[in-house]
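Survey of secondary and tertiary structure
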Amino acid sequence: MTVKSILMDVLLAVTFTGLTMVTLAADGETASLAYLLVALMTAPIALRQRAPVLTMCAILGAIGAYVLCYDDMRFNTGVGMLVAMFTVATLRPRWAAAVMFTLTAGVTTMVHVRLDPDTALVDTAQVMVIVFGAWALGEGAGGFLLKDGPPGRIISSCAPSRPEPSCSRPPSPTA
C-alpha cells in the first residue's frame, strides 16, 4: 500500500464525513452521540484497504445504532456502506464478500422495518440491489489485483503466477 493510496482514502473519508456532518447540522441535530454515529458511518473508510471487513462492520454497526437511538435516517448514510462493500469484494475472498452482503441485508432490513414497516420490503430490496452492484464492481476490480498479495498490486496479463494462452512462449528450438 502506497502513501498516495492511504492519503486518498483519508481524503475520501474526510470528505464523506464532512458532508454527512454538515447535513446533520443543517437538520438541527444537537446530540453529540448522533454526530459520533454519523462520523462512524463514513470515517472508517480511511482504513478500508488495511481492514476492509472490520471497516464494513464498523459502518454497518454505526448505521444500526443510529437508527436504534434516533429512529430516523434523514440523510444519505449509504455511501460508506457502498465503498466498504466494494473494497471487501476487491480485496477479500468471495466468501467474505458474501458474509458482508448478508450482514448488510440484515442491518438494512432492521433499519427499514424500524423506520417504515409498510415499505420495508421494497426499500430493503432497492438498497440490496445497489449494494449488490458495489459487490459486482468490486469483484470485477479484484480480477486485476492479487487477492493473496499486498493490496493494490496490479498483475499483468502475462504474470508468471497466472499464465494465459496468449502469454505462452513458443517452444524452444531443439538441436
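As the structure is a prediction and not an experimental result, all values here were calculated from the model. (Residues numbered from 1 in each chain as written. Predicted model: local features only at pLDDT ≥ 70, side-chain atom pairs only at ≥ 80, totals over all residues. Heavy atoms only, no water.)

1. Details of the environment of Thr108
Operational definition: Runs of H or I in DSSP of at least four residues are treated as helices and runs of E of at least two as strands, each being numbered from the N terminus. Here's how the labels work: a residue is buried when its accessible area is under 20% of the maximum for its type, exposed when over 50%, partly exposed in between, all with a 1.4 Å probe on protein chains only. What makes two residues a contact is simply this: any of their non-hydrogen atoms within 4.5 Å.
On the secondary structure map, Thr108 appears in helix H5 (residues 94–115). What makes Thr108 buried here is its relative accessible area of 5%. Separated by 19 residues in the primary sequence, Thr108 and Val127 place their C-alpha atoms 7.5 Å from one another. Excluding anything up to four places from it in sequence, Thr108 contacts Met81, Thr124, Val127 and Met128.

2. Examining the packing of helix H1 (residues 3–26) against helix H2 (residues 32–40)
Stated precisely, the cut-off is as follows: Between the N-to-C directions of two axes lies an angle of 0 to 180 degrees, each axis being a line fitted to C-alpha atoms and, for a helix, fitted only over the stretch in contact. Working rule for angles: under 35 degrees goes down as roughly parallel, over 145 as roughly antiparallel, 65 to 115 as roughly perpendicular, anything else as oblique. With the far helix as reference, a near helix turned anticlockwise by less than a right angle produces a left-handed crossing, and one turned clockwise produces a right-handed crossing.
Across the interface, H1 lies against H2 with an axial gap of 9 Å and an inter-helix angle of 150 degrees. Taken together, H1 and H2 sit at an angle that is classed as roughly antiparallel. Of the two possible hands of crossing, H1 and H2 adopt the one that is right-handed. For the pair H1 and H2, the contacting residues are Thr17, Thr20, Met21, Leu24 and Ala25 in the first and Ala34, Tyr35, Val38 and Ala39 in the second.

3. Brief notes about the confidence of the model for the chain
Quick reminder of the rule: Values of pLDDT, the confidence the predictor places in each residue, fall between 0 and 100.
Averaged over all residues, the pLDDT of the chain is 84; the fraction at 70 or higher stands at 79%. In this model residues 152–164 is a low-confidence stretch, pLDDT under 50, and it forms 17 contacts with partners more than four residues away in sequence or in other chains.

4. A closer look at the nonpolar core
The criterion, for reference: As used here, the term nonpolar core means buried Ala, Val, Leu, Ile, Met, Phe, Trp, Tyr and Cys residues forming a set that is joined through side-chain atoms within 4.5 Å.
Among the nonpolar cores identified, the biggest contains 30 residues, and Met56, Ile63, Tyr66, Met81 and Met85 are the most heavily contacted of them. Broken down by secondary-structure element, the contributors of at least two residues to this core are H1, H2, helix H3 (52–70), helix H4 (78–91), H5 and helix H6 (120–142). Element by element, the count of residues in this core is highest for H3, at seven residues. Beyond its immediate chain neighbours, meaning those up to four positions away, Met56 contacts Met81, Ala84, Met85, Val88, Met100 and Thr104.

5. Thoughts on the pattern of salt bridges
Going by this rule: A side-chain nitrogen of Lys or Arg and a carboxyl oxygen of Asp or Glu constitute a salt bridge if their distance falls within 4 Å.
In total, this model carries two salt bridges according to the counting rule given. The closest approach of N and O atoms between Arg48 and Asp9, which form a salt bridge, is 2.9 Å. Here Arg48 is found in the loop between H2 and H3, whereas its partner Asp9 is found in helix H1, with 39 residues between them in sequence. Accessibility assignment for this pair places Arg48 and Asp9 in one class, buried. Two residues, Arg94 and Glu139, come together in a salt bridge whose shortest N-O distance is 2.9 Å. Of the two residues, Arg94 is situated in helix H5 and Glu139 in helix H6; the sequence distance between them amounts to 45 residues. On the basis of relative accessible area, Glu139 is assigned to the buried category, the value being 18%.

6. Regarding the packing of aromatic side chains
Geometrically, a pair of aromatic rings is defined through the distance of the ring centres and the angle of the planes. Defined as follows: Ring geometry is summarised as follows: Phe, Tyr and Trp rings, the Trp one being its six-membered ring, pair when their centres sit within 6.5 Å, and such pairs are stacked at plane angles under 30 degrees, edge-to-face over 60 and tilted between the two.
Applying the stated criterion to the full structure yields four aromatic pairs. On the basis of an interplanar angle of 75 degrees and a centroid distance of 6.1 Å, the ring pair of Phe101 and Phe132 is categorised as edge-to-face. In this pair, Phe101 sits in helix H5 while Phe132 sits in helix H6, placing the two residues 31 residues apart along the sequence. Ring geometry for Phe132 versus Trp135: centroids 5.9 Å apart, planes at 75 degrees, classification edge-to-face. Placement of the pair is Phe132 and Trp135 together in helix H6, with a separation of three residues, close to one helical turn. Classification of Phe132 as partly exposed rests on a relative accessible area of 47%. A relative accessible area of 13% places Trp135 in the buried class. Taken together, Phe101, Phe132 and Trp135 form an aromatic cluster joined through their ring pairs.

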